[in-house]
Amino acid sequence: MNINLTIIGQVISFAIFVWFCAKYVWPPITNAMEEREKKIADGLAAADRAVRDLELAQDKATDQLRQAKQEAAGIIELARKQAGVVIEEAKQKAREEGERLLVAAEAEIEREFNRAKEELRGKVAQLAIAGAEQILQRSVGEAANSELVDSLAARL
Amino acid sequence: MASESGANSSGEYIAHHLTNLTFGQHTDGTWGIARSGEEIARMGFWSINLDSIGFSVVLGAVFMALSWAVARRVTTGVPGRRQNLIEITVEFVNNNIKSMFSHESKMIGPLALTIFVWVLLMNTMDLVPVDFIPALAQMAGVPYLKVVPSTDVNVTMGLALSVFALVLFYSVKQKGLGGFAAELSFHPFGKLGLPVNLILESVTLLAKPLSLGLRLFGNLYAGEMIFILIALLPWWGQWALSVPWAIFHILIIFLQAFIFMVLTIVYLSAAFAVEEH
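Just so we're clear, the structure is a prediction, and the values are computed from it rather than from any experiment.

**Some words on the overall build of chain A**
A count of helical and extended segments in chain A gives two helices and zero strands. Taken over C-alpha atoms, the radius of gyration comes to 61 Å for chain A, far larger than the 15 Å a tight globule of 156 residues would show. When its C-alpha atoms are laid out on the principal axes, chain A stretches across 195 × 25 × 15 Å. With 156 residues in all, chain A has 13% of them scored as buried. When the accessible surface of chain A is totalled, it reaches about 12400 Å², and 61% of it is carbon and sulfur.

**A look at the overall build of chain B**
When helices and strands are tallied, chain B shows nine helices and three strands. Walking chain B from its N terminus toward its C terminus, one meets helices and strands in the order α-β-β-α-β-α-α-α-α-α-α-α. Expressed along its principal axes, the backbone C-alpha trace of chain B runs to roughly 65 × 55 × 40 Å. The 277 residues of chain B split such that 48% are buried. Long-range contacts, defined as pairs at least 24 residues apart, comprise 68% of the intrachain contacts of chain B with a sequence gap of at least 6. Total accessible area on chain B stands at roughly 13600 Å², and carbon and sulfur atoms take up 70% of it.

**Here's the deal with the packing of helix H5 (residues 108-124) of chain B against helix H7 (residues 153-185) of chain B**
Residue and element names in this part refer to chain B. Taken N-terminus to C-terminus, the directions of H5 and H7 make an angle of 170 degrees; their axes are 12 Å apart at the nearest point. In terms of orientation, H5 lies roughly antiparallel with respect to H7. For the pair formed by H5 and H7, the contact residues are Leu 111, Ile 115, Trp 118, Val 119 and Met 122 on the first element and Val 155, Leu 159, Val 163 and Leu 166 on the second. Its residues placed into classes, the contact of H5 with H7 shows nine nonpolar, no polar and no charged.

**Things to note about the interface of chain B and chain A**
Across the boundary between the two partners, chain B contributes 51 residues, which contact 29 residues of chain A. Of all residues in chain B, Phe 45, Thr 76 and Asn 154 of chain B give up the largest surface area on contact with chain A, accounting jointly for 18% of the area buried on that side. Residue Glu 87 of chain B pairs with Arg 36 of chain A through a salt bridge whose shortest N-O separation is 2.8 Å. At the junction of chain B with chain A, the criterion picks out eight residue pairs in polar contact (both at pLDDT 80 or more). Secondary-structure elements contributing two or more residues to the side of chain B that touches chain A are helix H2 (37-43), strand S3 (47-49), helix H3 (50-72), helix H4 (81-100), H5 and H7 of chain B. The leading source of residues in the side of chain B that touches chain A is H3 of chain B, at 11 residues. Here the side of chain B that touches chain A is composed, by residue class, of 30 nonpolar, 18 polar and three charged.

**Thoughts on the layout of surface pockets**
Picture a little ball the size of a water molecule; that probe, rolled over the atoms, points out where space is still empty. Residues and elements named next belong to chain A. A volume near 450 Å³ is recorded for the largest pocket. At six residues, the largest contribution of residues to the lining of the largest pocket is made by helix H1 (residues 6-136). Considering only residue class, the lining of the largest pocket consists of seven nonpolar, six polar and four charged.

**Thoughts on the packing of H1 of chain A against H7 of chain B**
It is the contact of H1 of chain A with H7 of chain B, at a shortest axis distance of 8 Å, that shows an interaxial angle of 50 degrees. What the angle tells us is that H1 of chain A and H7 of chain B run oblique. Considering only the axes of H1 of chain A and H7 of chain B, their crossing is right-handed. Contact residues: Thr 6, Ile 7, Gln 10, Val 11 and Phe 14 of chain A in H1 of chain A; Asn 154, Val 155, Met 157, Gly 158, Leu 159, Leu 161 and Ser 162 of chain B in H7 of chain B.

**Quick word on the packing of aromatic side chains**
For the coordinates displayed, the defined rule picks out 18 aromatic pairs over all chains. Look at Phe 17 of chain A and Trp 118 of chain B: their rings are 4.9 Å apart centre to centre, the planes differ by 80 degrees, and that puts the pair in the edge-to-face class. Of the two residues, Phe 17 of chain A is situated in helix H1 and Trp 118 of chain B in helix H5; the pairing between them involves two chains. Each member of the pair, Phe 17 of chain A as well as Trp 118 of chain B, carries the same accessibility label: buried. Relative to Tyr 24 of chain A, the ring of Phe 20 of chain A has its centre 5.1 Å away and its plane inclined at 45 degrees; by these criteria the two rings are tilted. In this pair, Phe 20 of chain A and Tyr 24 of chain A both sit in helix H1, four residues apart, roughly one turn of the helix. Residue Tyr 24 of chain A is classed as partly exposed on the basis of its relative accessible area, which comes to 32%. By the ring-pair criterion, three or more aromatic residues cluster together here, those being Trp 19, Phe 20 and Tyr 24 of chain A together with Trp 68 of chain B. Between Lys 23 of chain A and the ring centre of Tyr 24 of chain A, over which it is positioned, the NZ or CZ distance is 5.7 Å.

About the thresholds
- Every chain begins its residue count from 1, and numbering advances along the sequence as written.
- Naming scheme: in the order in which they are written, chains are lettered from A and ligands are numbered from 1.
- Confidence filtering applies because this is a predicted model: local features only for residues at pLDDT of at least 70, side-chain atom pairs given and counted only at 80 or more, and all residues used for totals across whole chains, interfaces and linings.
- To get the side-chain values, take all heavy atoms of the structure and skip hydrogens and water.
- Only DSSP runs of H or I reaching four residues or more are called helices, and only runs of E reaching two or more are called strands; each is numbered from the N terminus.
- For the radius of gyration, the atoms used are the C-alpha atoms, and the globule rule reads 2.2 Å times the number of residues raised to 0.38.
- The cut-offs for exposure are 20% and 50% of the maximum accessible area for each residue type, with area from a 1.4 Å probe on protein chains only; residues under the lower value are buried, those over the upper are exposed, and the others partly exposed.
- Only the protein chains shown count as covering a residue, and every accessible area follows the Shrake-Rupley method with a 1.4 Å probe.
- Only heavy atoms enter the contact rule, under which two residues are in contact if any of them lie within 4.5 Å.
- Axis definition: a line fit to C-alpha positions, over the contact stretch in the case of helices; interaxial angles, taken between N-to-C directions, run 0 to 180 degrees.
- Should an angle lie under 35 degrees it is considered roughly parallel, over 145 roughly antiparallel, and from 65 to 115 roughly perpendicular; all remaining angles are considered oblique.
- Residue polarity follows a fixed list, in which Ala, Val, Leu, Ile, Met, Phe, Trp, Tyr, Cys and Pro are nonpolar, Asp, Glu, Lys and Arg are charged, and the others, Gly among them, are polar.
- Note on terms: buried area is the combined drop in 1.4 Å-probe accessible area of two parts once they are placed together, counting the loss on both.
- Think of a salt bridge as a Lys or Arg side-chain nitrogen and an Asp or Glu carboxyl oxygen that are within 4 Å of each other.
- Whenever two N or O atoms come within 3.5 Å, that pair is a polar contact, provided that in protein one can donate a hydrogen and the other can accept it, and provided that, for residues adjacent in sequence, both atoms are side-chain atoms.
- Here a cavity is any set of points on a 1 Å grid over the protein atoms alone where a 1.4 Å probe fits but cannot get out, and a pocket is any open set with protein on both sides within 12 Å along at least 5 of 7 lines; a residue lines the site when it has an atom within 4 Å of a point.
- Grid points are joined across faces, edges and corners, and a volume is the space filled by probe spheres set on the points.
- Note on convention: the crossing is left-handed when the near helix lies turned anticlockwise from the far helix by less than a right angle, right-handed when the turn is clockwise.
- Pairing of aromatic side chains here covers Phe, Tyr and the six-membered ring of Trp, requires ring centres within 6.5 Å, and sorts the geometry by plane angle: under 30 degrees stacked, over 60 edge-to-face, intermediate tilted.
- Ring-over charges, as used throughout, are those where CZ of Arg or NZ of Lys falls within 6 Å of the ring centre and within 35 degrees of the ring normal.

So this is what it looks like as structure tokens:
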């Protein structure tokens, strides 16, 4: 219970320990702790951000999917329409071609008919001359008669 | 242990356990270790309690070495066990500082940490069985040995006076000599009650280190005393009292270290606070 030099020794050692602690112990440990706190906070923030990013990406993906589906549907619709148009056109063309062929055929027929008529006319003229020759039994100048017969034939 | 030969030897046993290993100048002029309580008393102020100083310095050095080893290889990643232990302690101290000390100071953290751990370690020496180290020391020829430094009033008052010196230093530093004097002079009753103020405030100021040092000393001294008294019981019955008391004492050990730290922080916080008058 006696107060003696111990008290001064204690003050000195206390001062040394506090100095040592302030220089070598406290700063590095508290700094490390603060840094770790910051790291953890950053990590948590990054995780939050990642979750948000994921949500955004998912939203975007569904959006794009929907858009793609819409586009595909549009394209299909357009294709169907175009197919209809093409078929319609083909039908139209076929119809036109058919009509053209018909007209051509008719013209051919007419031409054939006229040719046959001409031929027939010639033959009829000859036949008529021959018939007239035989009927008249007399030789009429062919040149004089053929004029007559030609006008006859033209009236046919 | 010493209960064989009656009350006298019990008294001697207790006295022996409460005497420090003191080095100083004998009355005949030679320097050496005191062999009795009277010799210590005659040595006066110019003597030193080797056991108190020795154990307290060793304990402080152990903590400093441990924490320095951790601090040198401190990692911001996953801490190891030792780093964890130190970090928990540092964080505990730091949280107390943050809740009680609102000023900016580089000194308060190391100060509070040193006080808390050092006092805690010194108090923990109380859990070493009372006869264990002294008996070993006696075999080695050392007459007295008190293993709990905080049962020595020199140690606790040394700490308390250091804190008091810091309180005075920072009071003057923050408020100026005039500001500090004004705080002591004009406080409870205004300018008219100056003499009364001065007396009241001086008592308040001086009570701080006294209560700080004597509280720790008283608690630990009493605790040690009870351990010594329990040690006087027959050996087969001691456990019935010493075990509950030791378990309860764990609380006191921690609580006293904690109180010492908290009061240090509070006193310094008051020293830093610049009040408007």
